[in-house]
Amino acid sequence: QVQLVESGGGLVQVGGSLRLSCAASGRTFSSYPRGWFRQAPGKEQEFVAAINRIGTITYYANSVKGRFTISRDNAKNTLYLQMNSLKPEDSAVYYCAASAETSLVGVLTTRVRYDYWGQGTQVTVSS
């Protein structure tokens, strides 16, 4: 069973910062394209950020550009999402994802392109 586990979620105040982590099980995922998605109560799941296999290309949703940073440490099989200047509208369950396509050069921004998903971690930004 493929396993992705998010951590680092919690309650923060408006303007605060939080860093999410997503650990992948096994070295087979160390260089897969990866991304972050989020879903707020009663809302559709939306794309947040994506990163290519070696961490040289990143892409962000317009709503988080300039505030969020996606990064990865392939040696640790871990994906990160640094979130700064948090807003109430950032409150959601955040999910990390990985693609099984190890040969892909670029990033993946649509959920159907991803094969593996974590269980999600709650981020709540208080006003």
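Residues numbered from 1 in each chain as written. Predicted model: local features only at pLDDT ≥ 70, side-chain atom pairs only at ≥ 80, totals over all residues. Heavy atoms only, no water.

1. A closer look at the overall build of the protein
Right, so step 1: Scanning the protein for helices and strands turns up zero helices and 11 strands.
Right, so step 2: N-terminal to C-terminal, the α/β element order of the protein is β-β-β-β-β-β-β-β-β-β-β.
Right, so step 3: Against the 2.2 N^0.38 benchmark of 14 Å for 127 residues, the protein shows a C-alpha radius of gyration of 14 Å, consistent with a compact globule.
Right, so step 4: Looking at the protein alone, contacts between residues at least 24 apart form 60% of all its contacts between residues at least 6 apart.
Right, so step 5: Here the protein displays about 6,400 Å² of accessible surface, and carbon together with sulfur accounts for 47% of that area. (Helix = DSSP H or I, 4+ residues; strand = E, 2+ residues; numbered from the N terminus. Rg over C-alpha atoms; globule rule 2.2 N^0.38 Å. Contact = heavy atoms within 4.5 Å. Areas by Shrake-Rupley, 256 points an atom, 1.4 Å probe, with all protein chains shown as cover.)

2. What to know about the sheet that holds strand β7 (residues 68-73)
Right, so step 1: An order of β1-β3-β8-β7 is seen for the four strands of this open sheet, with the pairing classed as antiparallel. Each edge of the open sheet carries a strand with a single partner, namely β1 (4-7) and β7. Averaged over all adjacent pairs, the angle separating strand axes in this sheet is 15 degrees, with direction ignored. (Pairing = 2+ DSSP bridges. Axes fitted to C-alpha atoms, helices over the stretch in contact; angles between N-to-C directions.)

3. Comments concerning unusual backbone geometry
Apart from glycine, the bulk of residues carry a negative phi angle, and the bulk of peptide bonds sit in the trans form.
Right, so step 1: The phi angle at Asn77 is positive, at roughly 55 degrees, despite the residue not being glycine.
Right, so step 2: Mapped onto the secondary structure, Asn77 falls in the loop between β7 and β8 (78-83).

4. Some remarks on the environment of Gly35
Right, so step 1: Examined against the element boundaries, Gly35 turns out to sit in strand β4 (residues 34-39).
Right, so step 2: Judged by relative accessible area, Gly35 falls into the buried class, the value being 0%.
Right, so step 3: In this structure the C-alpha to C-alpha distance between Gly35 and Gly118, which are 83 residues apart in sequence, comes to 11 Å. (Buried < 20%, exposed > 50% of the residue type's maximum accessible area, 1.4 Å probe, protein only.)

5. Remarks on the nonpolar core
Right, so step 1: Judged by nonpolar contacts, the single largest core of 31 residues is most densely connected at Trp36, Leu81, Met83 and Tyr94.
Right, so step 2: Mapped by element, the contributors of at least two residues to this core are β3 (18-24), β4, β5 (46-51), β7, β8, β9 (92-98) and β11 (121-126).
Right, so step 3: Residues in contact with Leu81, not counting those within four places in the same chain, are Leu18, Arg19, Leu20, Trp36, Val48, Ala49, Phe68, Thr69, Ile70 and Tyr94. (Core = buried A, V, L, I, M, F, W, Y, C linked by side-chain atoms within 4.5 Å.)

6. With respect to the packing of aromatic side chains
Right, so step 1: A full pass over the atoms with the stated rule returns five aromatic pairs.
Right, so step 2: Look at Phe37 and Tyr114: their rings are 5.6 Å apart centre to centre, the planes differ by 80 degrees, and that puts the pair in the edge-to-face class. Of the two residues, Phe37 sits in strand β4 while Tyr114 sits in the loop between β9 and β10 (116-117), which places them 77 residues apart along the sequence.
Right, so step 3: A connected cluster of aromatic rings, assembled from ring pairs, spans Phe37, Phe47, Tyr59, Tyr114 and Trp117.
Right, so step 4: Directly above the aromatic system of Tyr59 lies the positively charged group of Lys65, at a separation of 5.9 Å from the ring centroid.
Right, so step 5: One residue, Arg111, lies across the ring of Trp117, its end atom 5.2 Å from the ring centre. (Phe/Tyr/Trp six-rings, centres within 6.5 Å; stacked < 30°, edge-to-face > 60°. Lys NZ or Arg CZ within 6 Å of the ring centre and 35° of its normal.)

7. Digging into the pairing of β7
Right, so step 1: On β7, burial follows the alternation: Phe68, Ile70 and Arg72 on one face are buried, whereas Thr69, Ser71 and Asp73 on the facing-out side are not.
Right, so step 2: Note that β7 and β8 share six bridges and pair antiparallel. By the bridge assignment, Asp73 is partnered in β8 with Thr78.

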